[in-house]
Amino acid sequence: MSLEFSKPDSQGISRAEIPFVWVLIPFIAGILAVYYLNVTSLLLVAAICCLLSLSYLCLANIFYVILTVYRFKGIIVIVLCFFWFSLGALSCILNRQDFNKNHFSKISHDHLLVRIDNEPQYKKKIVKLNVSGIKAFKGSEIHTVSGRLMLTVLIDTLNPIRLNYGDELIITSKIKTIDPPGNSAEFDYKEWLSAKNIRHQSFVLQEEMRPLESHRGNRVIEFAYKVRTEQITYYREIFKNNEALTFASALILGFQSDLDQALLDIYSKTGTIHVLSVSGMHVGIIYLVLNWLMKFMDRKRWLVLIRMVLILFFIWFYALLTGLSPSVLRSAIMISAFIIAKSYTRSSNSYNIISFAGFSILCYDPFLILDVGFQLSFLAVIGLIWLQPKIENWYRIENEWMRKIWSGIAMSLAAQVVTFPLTVYYFHQFPVFFLLSNLFIMLPAALLMYLGIAILLTRLDGLAPLFEWLVNFTNEGLAFIGEIPGANLTGIWISQFELILLFTFVITFLYALTNYSIRMIFVALIFLLFLQL
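Thresholds, definitions, all that
Residues numbered from 1 in each chain as written. Predicted model: local features only at pLDDT ≥ 70, side-chain atom pairs only at ≥ 80, totals over all residues. Heavy atoms only, no water. Helix = DSSP H or I, 4+ residues; strand = E, 2+ residues; numbered from the N terminus. Rg over C-alpha atoms; globule rule 2.2 N^0.38 Å. Buried < 20%, exposed > 50% of the residue type's maximum accessible area, 1.4 Å probe, protein only. Contact = heavy atoms within 4.5 Å. Areas by Shrake-Rupley, 256 points an atom, 1.4 Å probe, with all protein chains shown as cover. Phe/Tyr/Trp six-rings, centres within 6.5 Å; stacked < 30°, edge-to-face > 60°. Axes fitted to C-alpha atoms, helices over the stretch in contact; angles between N-to-C directions. Parallel < 35°, antiparallel > 145°, perpendicular 65-115°, else oblique. Nonpolar A, V, L, I, M, F, W, Y, C, P; charged D, E, K, R; others polar. Core = buried A, V, L, I, M, F, W, Y, C linked by side-chain atoms within 4.5 Å. Pairing = 2+ DSSP bridges. Expected span 1.5 Å × (residues − 1). Polar contact = N/O pair within 3.5 Å; in protein donor to acceptor, adjacent residues only side chain to side chain. Patch = residues over 30% accessible without salt bridge, like charges linked within 9 Å, V, L, I, M, F, W, Y side chains within 5 Å. Salt bridge = Lys/Arg side-chain N within 4 Å of Asp/Glu carboxyl O. Lys, Arg positive; Asp, Glu negative; His and termini not counted. Charge placed at Lys NZ, Arg CZ, Asp CG, Glu CD. Left-handed = near helix turned anticlockwise from the far one by under 90°. pLDDT = per-residue confidence, 0-100.

(A) Representation of the overall build of the protein chain. Assigned secondary structure in the protein chain consists of 17 helices and 13 strands. Taking 2.2 N^0.38 as the reference for a compact globule, 533 residues should give roughly 24 Å; the C-alpha atoms of the protein chain span a radius of gyration of 25 Å, in line with that estimate. Across its three principal axes, the protein chain shows a C-alpha extent of roughly 75 × 70 × 65 Å. Counting every position in the protein chain, which comprises 533 residues, the buried fraction comes to 47%. In the protein chain, the share of contacts with a sequence separation of at least 24, taken over all contacts with a separation of at least 6, comes to 73%. In the form shown here, the protein chain has an accessible surface area of approximately 28600 Å², with 65% of it arising from carbon and sulfur atoms.

(B) Representation of the packing of aromatic side chains within the structure. Inspection of every chain in the model, using the stated rule, returns 23 aromatic pairs. Ring centres 6.5 Å apart and planes at 55 degrees place the aromatic pair Tyr 426 and Phe 427 in the tilted group. Judged by relative accessible area, Tyr 426 falls into the partly exposed class, the value being 27%. With a centroid separation of 5.6 Å and an interplanar angle of 10 degrees, the aromatic rings of Trp 469 and Phe 473 are classed as stacked. Here the residue Trp 469 and the residue Phe 473 both occupy positions in helix H15 (residues 464-482), the gap between them amounting to four residues, near one helical turn.

(C) Structural view of the packing of helix H11 (residues 350-364) against helix H12 (residues 372-394). The interhelical angle for the contact between H11 and H12, taken along N-to-C directions, is 170 degrees, at an axis separation of 10 Å. Relative to H12, the element H11 lies roughly antiparallel. Contacts between H11 and H12 involve Ser 350, Tyr 351, Ile 354, Ala 357, Gly 358, Ile 361 and Leu 362 on the former and, on the latter, Phe 374, Phe 378, Val 381, Ile 382, Ile 385 and Trp 386. A class-by-class count of the residues in the contact of H11 with H12 yields 11 nonpolar, two polar and no charged.

(D) Representation of the nonpolar core in the model. Counting 52 residues, the largest nonpolar core has Tyr 235, Phe 239, Phe 247, Ile 315 and Phe 467 as the members making the most contacts within it. When residues of this core are traced back to their parent elements, those giving at least two are helix H5 (219-238), helix H6 (242-253), helix H7 (261-269), helix H8 (280-293), helix H9 (301-321), helix H10 (326-343), helix H14 (434-458) and H15. Apart from the residues lying within four places of it in its own chain, the contact partners of Phe 247 are Tyr 267, Val 275, Leu 276, Leu 448, Phe 467, Val 471 and Asn 475. Of all hydrophobic cores here, the second largest spans 38 residues; its members include Ala 89, Ile 93, Phe 99 and Ile 354.

(E) Spotlight on the side chain of Gln 201. Looking at the secondary structure, you find Gln 201 in strand S9 (residues 200-205). Beyond its immediate chain neighbours, meaning those up to four positions away, Gln 201 contacts Leu 149, Met 150, Lys 174, Ile 175, Lys 176, Thr 177, Ile 178 and Tyr 189.

(F) Spotlight on the pairing of strand S6 (residues 148-154). Most of S6 is tucked away: six of the seven residues are buried. Direction of pairing for strand S4 (residues 126-138) relative to S6: antiparallel, over a ladder of seven bridges. Paired with Ser 132 across the bridge in S6 is Arg 148. In terms of strand pairing, S6 meets S9 through five bridges, oriented parallel. Paired with Val 153 across the two strands is Val 204, which belongs to S9.

(G) Structural view of the environment of Phe 255. Structurally, Phe 255 is set in the loop between H6 and H7. Between the C-alpha atom of Phe 255 and that of Gln 121, which follows or precedes it by 134 residues, the distance is 9.9 Å. Once you skip the residues sitting within four places of it in the chain, Phe 255 turns out to touch Glu 119, Arg 228, Ile 232, Thr 246, Ser 249 and Ala 250.

(H) Highlighting H5. Here H5 spans 29 Å end to end across 20 residues, near enough to the 28 Å set by a 1.5 Å rise per residue. Inspection of H5 places Glu 222, Ala 224, Tyr 225, Val 227, Arg 228, Gln 231, Ile 232, Tyr 234, Tyr 235 and Ile 238 among the buried residues, and these make up the whole buried set. Against H6, H9, H14 and H15 lie the buried residues of H5. Put simply, Asn 218 is the residue that caps the front of H5, since its side-chain oxygen is 2.9 Å from the backbone nitrogen of Val 220.

(I) Representation of the environment of Tyr 189. Within the secondary structure, Tyr 189 is located in helix H4 (residues 189-194). Along the primary structure Tyr 189 and Asp 179 are separated by 10 residues, whereas in three dimensions their C-alpha atoms are 8.1 Å apart. Setting aside residues up to four positions removed in sequence, Tyr 189 forms contacts with Lys 128, Met 150, Ile 178 and Gln 201.

(J) Quick look at a negative patch on the surface. Side chains of Glu 243, Asp 260, Asp 265 and Glu 476 sit close together on the surface and give a patch of like negative charge. Structurally, Glu 476 can be placed in helix H15.

(K) Looking closely at the pattern of salt bridges. Applying the stated criterion across every chain, the model contains eight salt bridges. Lys 174 is the partner of Glu 208 in a salt bridge, and the nearest nitrogen-oxygen pair spans 2.6 Å. Taken together, the residues span a long stretch of sequence, with Glu 208 in the loop between S9 and strand S10 (209-211) and Lys 174 in the loop between strand S7 (168-172) and strand S8 (175-177) at a distance of 34 residues. Its relative accessible area of 38% is what places Lys 174 among the partly exposed residues. One connected set of salt bridges, linked through shared partners, spans Arg 115, Glu 168, Glu 213 and Arg 216.

(L) Local environment of the packing of H14 against H15. Taken N-terminus to C-terminus, the directions of H14 and H15 make an angle of 160 degrees; their axes are 10 Å apart at the nearest point. Classified by the angle their axes make, H14 and H15 are roughly antiparallel. Classified by chirality, the crossing of H15 by H14 is left-handed. On H15, the residues touching Leu 436, Ser 437, Phe 440, Ile 441, Pro 444, Leu 447, Leu 448, Leu 451, Gly 452 and Ile 455 of H14 are Ala 464, Leu 466, Phe 467, Leu 470, Val 471, Phe 473, Thr 474, Gly 477, Leu 478 and Ile 481.

(M) Focus on the confidence of the model for the protein chain. Averaged over every residue, the pLDDT of the protein chain is 83; the share at 70 or more is 93%. Across residues 1-11, where pLDDT falls below 50, the model places 27 contacts with residues more than four positions away in sequence or in other chains.

(N) Here's a closer look at the environment of His 103. Tracing the chain through its elements places His 103 in the loop between helix H3 (73-95) and strand S2 (111-116). For the pair formed by His 103 and Leu 263, sequence separation is 160 residues and the distance between their alpha carbons is 40 Å. Those residues in contact with His 103 that lie beyond four places of it in its chain are Gln 97, Asp 98, Ser 146, Gly 147, Arg 148 and His 200. A distance of 2.7 Å separates polar atoms of two side chains, one belonging to His 103 and the other to Ser 105.

Next comes the structure, spelled out in structure tokens:
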């Protein structure tokens, strides 16, 4: 094996290649501005700003030559950014349900008719439900209401009720706002629910609610949940080891309710918790398998288009099956854009694709920008797109197997370094041996994914013992790494301002390393000094 130290490529990217990057940045800024200002009166202002900036852009396009608009490109860029900023602000206001006049918290009531919006999360004697208000009852008065609510039901163990997505319930009025954390070291449950557009909660006994109707939710989502439940039931039949069952349900189908806390702690301490969440890796594997199986359809143009439609259908069905988490949505949109571009022989830019994915998701739900999974997922992908190739190019390795190992190291380093500030901020810990644990789990996780899907598709029960052995091997290996002295630094608490300083330091330091800039290293050290102070 021979090594050769080399500089990374310095090829730039033109602005024309990444239009959605310039759309996404002001759009996110508009969402965050309204969210933290928390002012309902901005609706009219945001709408007027959107209308005025859009009118200006339309007129500039119509009279482009007459007004010699090409001489004022800077103004056009500013107006464009202002339009997307205003649109982001408007989107946030329109999606803030507690801003609505008919929000259930603004209407006096004794009982609420609600609909279950998610898959119920059963934990011992309680079940947690995300519900939407439909009707409010006060004596003989009935009001149509809106708004989301976190409902916690204490189950009657002698006569437990079984709830499903789409069920409608009548509950007693025990609504209260969610309290902020009592101290800085406490989990911010209020902020976590706010990211889901939920600002109120209710605790009721099973006898204080009454089921009315079932199957009132979205038919497609209900069908996906039903199919996933059937697959989990099949897993329960063939797996004797409960750890393998919960692992398979989480890894393949995105069902995490039954995960053991001890298992979660092992994966969290070793920096491999992403394996237990359905993410881009899973969607990528689905695409690779489908693309390989349909390779014979490359011969004719019409067959290529049919293959594109089939692959897109199965990818989106799998995304739906796993609950449409932000990371899966991002991956599904990115791979869809890649497949369509490839089928029509169009070139594509990775930064533009991920920005398009982010913009599409935030148009659907602007509050996902506050979701931890969304933030970590997009940051990890940006790290892989931007930083991984640069790290790989630092050393040229001729040996094929060593090159693959170095590529795995570069991948783990890129994702971990870019997401490091957020993981410290949210989880208050840092896995010291993340490189070792990620290299260790890379091959078993891929094998488990292929094996788990093969078991579901072929119904080969004989593969179950092999899956169970591989799960035990993986978990024991990670547990061993997690028990190494100093494997996990805990008790790290930073504020939002310190988070901004840490991010600035990481970005400037990485820029300095990848561009060999001594000046930027000093700038990065200045930010580090401010952080330490």
